[in-house]
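So the chains spell out like this:
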Amino acid sequence: MLDVSELHVSYGPVHAVRGVSFAVEPKRITLVLGANGAGKSTSLRAICGLQPARGGSVRLDGAELLGKRPHRIVRDGVSLVPEGRRIFAPLSVAENLRIGGYTATRSQVAALVDEVYDRFPILAQRRDMPAGLLSGGEQQMLAFGRALMGQPRVMLLDEPSMGLAPGMVDTVLTSVRAIADSGIGVLMVEQNVDAGLAVADTVSIVARGEVVRSGEAEQLREDAAVVHALLGEA
Ligand code: ATP
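As recorded by an unreviewed UniProt entry, the protein chain carries the name ABC transporter ATP-binding protein and is attributed to Prauserella salsuginis. In its Sequence similarities (unreviewed entry) section, the UniProt entry covering the protein chain states "Belongs to the ABC transporter superfamily."

Right under this line is the structure:
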């Protein structure tokens, strides 16, 4: 569905992403692992138009997304959940969700908010609360919910477990699995290697802007030592 091919991104003289390729399919989680500075966030930002690419292609069902403005890419069906969640802390949970519904008609927004509440009942309980008062895990669910308001076909998740209490990591990654199972294709960057591998379908390991290994998660779960070695942790 989403094909990222030979993507290159530079910051001035810094060639941060050097020809990475990823494939994202409905109902599947493609996990991107890599050390700090490997180029993971930059790749996600380029896919959704927040950072210009220097070369390569990003095709959604064959249609090129590179060069389109970010809001057009959201309308085409690709939503980013950024690192650090970036929720609007003083606004209520419901207001944060409605902001995510800017591509929908007014009458669709209420139904979409209800769908998010069905998926994340804790957000329904907290609907009138300022989002800044939610726990880290609840804020991450709100960030997923806000992206779901755009009715995405593909979601790009940048380190959803970052900064969460250990018990909450599994809860959040289980909700990523549920999002994929509902038919959405997920491209997820994670630092939490074992928790990420546990829910992923396919995995790409990135080092210094290049994919150094990719394969089925099932296989790499059995080869955890190789994964850690490729990540420079061995
Ligand atoms: P992290 O897990 O630390 O976010 P990452 O794999 O997501 O790492 P990127 O943030 O994509 O890595 O960074 C890739 C490279 O690009 C790094 O060398 C980084 O220093 C550089 N870089 C990232 N953002 C910028 C920027 N705005 N200006 C200049 N260089 C940048």
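With that out of the way, let us pick up the overall build of the protein chain. On a plain count of helices and strands, the protein chain comes out with 10 helices and 10 strands. Viewed in the frame of its principal axes, the protein chain has a C-alpha envelope of about 45 × 40 × 30 Å. For the protein chain, the residues scored as buried account for 49% of the 234 residues in total. Look at the contacts in the protein chain between residues 6 or more apart in sequence, and 68% of them connect residues 24 or more apart. Summing over all exposed atoms, the protein chain offers an accessible surface of approximately 10500 Å²; the carbon and sulfur share of this is 50%.

Across the sheet, which stays open at both edges, the four strands sit in the order S2-S1-S4-S5 with antiparallel pairing between neighbours. Strands with a single pairing partner mark the edges of an open sheet, and in this sheet they are strand S2 (14–24) and strand S5 (63–64). Of the pairings in the sheet, the one linking strand S1 (residues 2–11) to S2 comprises eight bridges and is antiparallel in character. Of the residues in S2, the one forming a bridge with valine 9 is valine 17. Where helix H1 (residues 40–47) meets the sheet, it contacts S1, S2 and strand S4 (55–60), and its direction lies at approximately 115° from that of S1.

It is worth spelling out the site of the ligand at this point. Within the structure, the ligand sits among 13 residues, and Gly37, Gly39, Lys40, Ser41 and Thr42 are positioned closest to it. At 3.4 Å from a nitrogen atom of the ligand is found a side-chain nitrogen or oxygen belonging to tyrosine 11. Glycine 39 has a polar backbone atom sitting 2.9 Å from an oxygen atom of the ligand. Among the residues forming the shell around the ligand, the class breakdown is four nonpolar, six polar and three charged.

The subject of this paragraph is the environment of leucine 50. Relative to the assigned elements, leucine 50 resides in the loop between H1 and S4. When the C-alpha positions of leucine 50 and lysine 68 are compared, they lie 9.8 Å apart, and in sequence the two are 18 residues distant. When residues no more than four places from it in sequence are discounted, the contact partners of leucine 50 are Arg45, Pro70 and Leu80.

Thresholds applied
- Residues numbered from 1 in each chain as written.
- Predicted model: local features only at pLDDT ≥ 70, side-chain atom pairs only at ≥ 80, totals over all residues.
- Heavy atoms only, no water.
- UniProt positions renumbered as here; feature names shortened; annotations may be inferred.
- Helix = DSSP H or I, 4+ residues; strand = E, 2+ residues; numbered from the N terminus.
- Buried < 20%, exposed > 50% of the residue type's maximum accessible area, 1.4 Å probe, protein only.
- Contact = heavy atoms within 4.5 Å.
- Areas by Shrake-Rupley, 256 points an atom, 1.4 Å probe, with all protein chains shown as cover.
- Pairing = 2+ DSSP bridges.
- Axes fitted to C-alpha atoms, helices over the stretch in contact; angles between N-to-C directions.
- Near = heavy atom within 4 Å.
- Polar contact = N/O pair within 3.5 Å; in protein donor to acceptor, adjacent residues only side chain to side chain.
- Nonpolar A, V, L, I, M, F, W, Y, C, P; charged D, E, K, R; others polar.

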